[in-house]
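One letter stands for each residue in the lines below.
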Amino acid sequence: MIDLVTLGESMALFTARRTGLLRHARDFGLGVGGAESNLAIGVSRLGRSAAWIGRVGADEFGELLRSTLAGEGVDIRGMIVDPEAPTGLMVKNRRTAELVDVRYYRSGSAGSRLGPADLDVALLRSARVLHVTGITLALSASAAEAVRAAVTEARDAGVTVSMDINYRRALWTPDEASTALREIVTATDVLFATEAEARLIAEGEDAVGLAKALSTLGPRHVLVKRGPLGAVELSDGVVRHAEPYRVTEIDPVGAGDAFAAGWLAETLEGAAPERRLATACAAGAFAVTSEGDWESLPRRIDLDLLNPADAVAR
């Protein structure tokens, strides 16, 4: 049995090393990124087993993804190398000190060709949690079918289904997203969303109201992420509030994936509700403290470092 299985597209990530217009950038860092693989790494770093299912190209970027995920302890038996399509690309730059711009080059990519036939059904049915995102739903018709098939297999096997809405306006319109998301949300047990994402499929005056509205669609656990304002959790009718950790933000990308990873890892540990929410917020805070989508995700030994008695580790 594996603790968590997720599926989606991961890409090679080029990050400009200077602030300003991308056209003036000359130096780039090379890494990997993708909401689902970020989450799998986060769960793995917190001591639970995680597997990633997806397609990569038969190219150096695909090899980078393979070696990175394997090196972080993620099970990649469900990784398929596609000889006919390239690994997708992300390009990230800081337009100003406060604004990060992310561009995707994923049309016709290997990851967008994910389909139901690519799923390792035995792996899915042996998991404790299946985690999916709205990104994969929006990638292509075949990727959306893969998500639906995975959710059906998981529910038939009694596997907990988790979903992060993860809306990407570059992939689909709000109206398109609303219809597709509702279908999956009604089949989920755990739902993660920002307030803006929640409003795609529900109405509410505030985070608590949105959480309650989302819970009527089916999920037992609803987590509304509020960034620097913390988070709200509604689980089995009980509302909990989490205060944010105060950190210096370097790169905000990946914080939501880290939050979900922290909450799910603690749930898999059987932790108390207060602990799982605190770890989720801590993981989200760690994620923004350095460049990269996942590089600063915490291990368990790191979780107390956000409130150090001494700012110098000796």
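Preceding this section is the structure that the text describes.
Note that the structure is predicted; figures quoted are calculated from it, not measured.

Take the packing of aromatic side chains next. One pass over the structure, following the stated rule, counts 3 aromatic pairs. Between Phe14 and Phe61, the aromatic rings sit 5.7 Å apart at their centres with planes inclined by 90 degrees, giving edge-to-face as the arrangement. Note that Phe14 is positioned in strand E2 (residues 11-16) and Phe61 in helix H2 (residues 60-71), a separation of 47 residues in sequence. The partly exposed category is assigned to Phe14, whose relative accessible area is 24%. Owing to a relative accessible area of 25%, Phe61 belongs among the partly exposed residues under this scheme. With 6.3 Å between their ring centres and 85 degrees between their planes, Phe192 and Phe259 make a pair best called edge-to-face. With a gap of 67 residues between them, Phe192 in strand E10 (residues 190-194) and Phe259 in helix H9 (residues 255-269) connect regions that are remote in the sequence.

The next subject is the pairing of strand E13 (residues 238-242). Sheet topology places strand E12 (residues 231-235) next to E13; 5 bridges connect them, and they run antiparallel. Bridge pairing links Glu233 to Arg240 in E13. Linking two consecutive strands that pair antiparallel, namely E12 and E13, is a turn of 2 residues; a positive phi of about 50 degrees is found at Asp236 within it.

Let us look at the side chain of Thr87. Relative to the helices and strands, Thr87 resides in the loop between strand E5 (75-82) and strand E6 (89-94). Accessibility expressed as a relative area gives 5% for Thr87, which makes it buried. Separated by 2.8 Å, the side chain of Thr87 and the backbone nitrogen of Gly57 make a polar contact. Separated by 3.2 Å, the side chain of Thr87 and the backbone nitrogen of Gly62 make a polar contact.

Relative to each other, H9 and helix H10 (residues 273-287) sit at 150 degrees, their axes nearing to 7 Å. Taken together, the axes of H9 and H10 are roughly antiparallel relative to one another. Regarding H9 and H10, the two cross each other, and that crossing is right-handed. Residues Ala255, Ala258, Phe259, Gly262, Trp263, Glu266 and Thr267 of H9 pack against Arg275, Arg276, Leu277, Thr279, Ala280, Cys281, Ala283, Gly284 and Ala287 of H10. Class assignment for the residues of the contact of H9 with H10 results in 9 nonpolar, 4 polar and 3 charged.

Now for the packing of helix H1 (residues 35-45) against H9. Running from amino to carboxyl end, H1 crosses H9 at an angle of 40 degrees, the nearest separation of the two axes being 8 Å. Our classification of the angle between H1 and H9 gives oblique. Our pair here, H1 against H9, has a crossing hand that is right-handed. Taken together, the residues of H9 that come into contact with H1 (itself represented by Ala35, Asn38, Leu39, Gly42 and Val43) are Asp257, Ala260, Ala261 and Leu264. Looking at side-chain class alone, the contact of H1 with H9 contains 6 nonpolar, 2 polar and 1 charged residues.

A few words now on the sheet that holds E13. Read across the sheet, 9 strands follow the order E5-E4-E1-E8-E9-E10-E11-E12-E13 without closing on themselves; strand pairing throughout is mixed. Whereas interior strands pair on both sides, the edge strands pair on one side only; in this sheet they are E5 and E13. Along the sheet, successive strands turn relative to each other by an average axial angle of 15 degrees, direction set aside. Bridge analysis of strand E1 (residues 4-7) against strand E8 (residues 129-133) gives 3 bridges, and the strand direction is parallel. The residue of E8 that forms the bridge with Leu4 is Val129.

About the cut-offs
Residues numbered from 1 in each chain as written. Predicted model: local features only at pLDDT ≥ 70, side-chain atom pairs only at ≥ 80, totals over all residues. Heavy atoms only, no water. Phe/Tyr/Trp six-rings, centres within 6.5 Å; stacked < 30°, edge-to-face > 60°. Helix = DSSP H or I, 4+ residues; strand = E, 2+ residues; numbered from the N terminus. Buried < 20%, exposed > 50% of the residue type's maximum accessible area, 1.4 Å probe, protein only. Pairing = 2+ DSSP bridges. Polar contact = N/O pair within 3.5 Å; in protein donor to acceptor, adjacent residues only side chain to side chain. Axes fitted to C-alpha atoms, helices over the stretch in contact; angles between N-to-C directions. Parallel < 35°, antiparallel > 145°, perpendicular 65-115°, else oblique. Left-handed = near helix turned anticlockwise from the far one by under 90°. Contact = heavy atoms within 4.5 Å. Nonpolar A, V, L, I, M, F, W, Y, C, P; charged D, E, K, R; others polar.

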